[in-house]
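# Geometric and topological summary
The residues making up each chain are set out below.
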Amino acid sequence: MIRWREGVVTGIREEWAGAREVRVDMDGAMVDALAYPDLVGAPAVGDRVLLNATALLMGLGTGGYAMVVALPDRLPEDPPHPPGHVVKARYTPLQTTVLGVDEQDSPHHPVLRDADDLTGMPVVVADLHSALPAVLTGLYRDRPGAKVVYVMTDGAALPLAFSQTVAGLAAHGWLAGSVTVGQSFGGDLEAVTLHSGLLAARHVLRADVTVVTQGPGNTGTATTWGYSGVACGEAVNAVVALGGRPVAALRVSQADERPRHRGLSHHSLTAYGRVALSAADVALPTLDSAFGRRLREEAGQLAARHTVVPVPVAGLDQALRECPVPLSTMGRGLDEDWAYFIAAAAAGRHAATLLA
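In short, a report on the structure. (Residues numbered from 1 in each chain as written. Predicted model: local features only at pLDDT ≥ 70, side-chain atom pairs only at ≥ 80, totals over all residues. Heavy atoms only, no water.)

So, on to the sheet that holds strand β12 (residues 209-214). Overall, parallel pairing links the eight strands, which are arranged β11-β10-β9-β12-β8-β13-β16-β17 in an open sheet. Each end of this open sheet is capped by a strand with a single partner; those strands are β11 (189-191) and β17 (307-311). Shown here is a sheet whose adjacent strand axes are inclined to one another by a mean of 25 degrees, direction ignored. Here six bridges tie strand β9 (residues 148-153) to β12, and the two strands are oriented parallel to one another. Across the sheet, the residue bridging to M152 is T213, located in β12. (Pairing = 2+ DSSP bridges. Helix = DSSP H or I, 4+ residues; strand = E, 2+ residues; numbered from the N terminus. Axes fitted to C-alpha atoms, helices over the stretch in contact; angles between N-to-C directions.)

On to unusual backbone geometry. Positioned with a positive phi, D27 is a non-glycine residue whose angle comes to about 55 degrees. Structurally, D27 can be placed in the loop between β2 (19-26) and β3 (29-35). At Y91, a position not held by glycine, the phi torsion is positive, near 60 degrees. Within the secondary structure, Y91 sits in the loop between β6 (86-88) and β7 (96-98).

Attention now moves to the packing of aromatic side chains. Overall, the coordinates contain three aromatic pairs when judged by the stated rule. Judged by centre distance (6.0 Å) and plane angle (90 degrees), the rings of Y65 and F162 are edge-to-face. Note that Y65 is positioned in the loop between α2 (54-58) and β5 (66-70) and F162 in the loop between β9 and α5 (164-171), a separation of 97 residues in sequence. Here Y65 falls in the buried class, since its relative accessible area comes to 16%. The class for F162 is buried, based on a relative accessible area of 13%. An angle of 90 degrees between the planes, with centres 5.0 Å apart, marks the rings of Y340 and F341 as edge-to-face. (Phe/Tyr/Trp six-rings, centres within 6.5 Å; stacked < 30°, edge-to-face > 60°. Buried < 20%, exposed > 50% of the residue type's maximum accessible area, 1.4 Å probe, protein only.)

Moving on: the nonpolar core. Counting 91 residues, the largest nonpolar core has V124, L136, L198 and L250 as its most contacted members. A total of eleven residues in this core trace back to one element, the largest contributor, which is helix α11 (residues 338-353). Ignoring sequence-local partners within four residues, the contact set of V124 consists of V135, V209, T210, V211, V212, V247, A249, A347 and A351. Among the nonpolar cores identified, the runner-up in size contains 14 residues, and M26, V31, V40 and L71 belong to it. (Core = buried A, V, L, I, M, F, W, Y, C linked by side-chain atoms within 4.5 Å. Contact = heavy atoms within 4.5 Å.)

Everything listed here is a matter of geometry and, on its own, says nothing about what the molecule does.
Shown next, in the form of structure tokens:
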């Protein structure tokens, strides 16, 4: 159920590509609200705003904003009628029409109509959005000239504009483009499925390497199967079906308070060990410590199906400290959960070795 509220904009807090964060007086309380100008218009100081305050009032973490649904006194003009008939966030109040890279009106349709092969492209798969900058750090540490595309699935945030990480990476030149697939939207290219999104990354954006993760704000239920990141295994299957080279980034932690995520997360064991029916290279950081020995033992559970690849980590710590965007996972930074980011960077480093 939606918890509806009204408010008045009192200030503009921050802006990044596709998003505007505003300060709103909501029933006498000052709250932060997020607007996507392409969807609802650009709120200005003094505007009355209609809010979906559900996440805010529930106290959610990643998505704990009030969301601007409309500027009822200043509705945006109707946009010109662009080509495209793909509807995303379908049959929700804010469904939006996009030009799918794979649909008939797209100038790239002739390419994707016949595309069927990733031609061995390395594809790094990770379950959390926070892995993305660390994966890129490991990759660019060894192959600074690589062309990398981000493919965002729809397991978490649907608008790519929610991600300040993607905006920062793109501004720094670390992303050659982005593709939003399924119900997610707002990428440089839109695709109907993960499969067509991967093909678009390779054949339209000319990626050397692609990284696949869900957007910010994953969903979990403290059950084996009720977790949005289980789709990592399905992504491995898609990459192999299309002739790509999947690289599985492990989710590990030294600091998570939940025992099921300490060491190698049970989500990695489920996604790669049970959902992924095709073989991937599992990037295992070589850590000379008791924690590293534990990881080797736990990752061994994946060796029956996958190739567990030891990846040296020399130089990755310094590279991560120089990452152009903040590193944070579950509210923890590099020093708070070092192994998490090192494992993601190791996956990027291994992908670099697969480039011709």
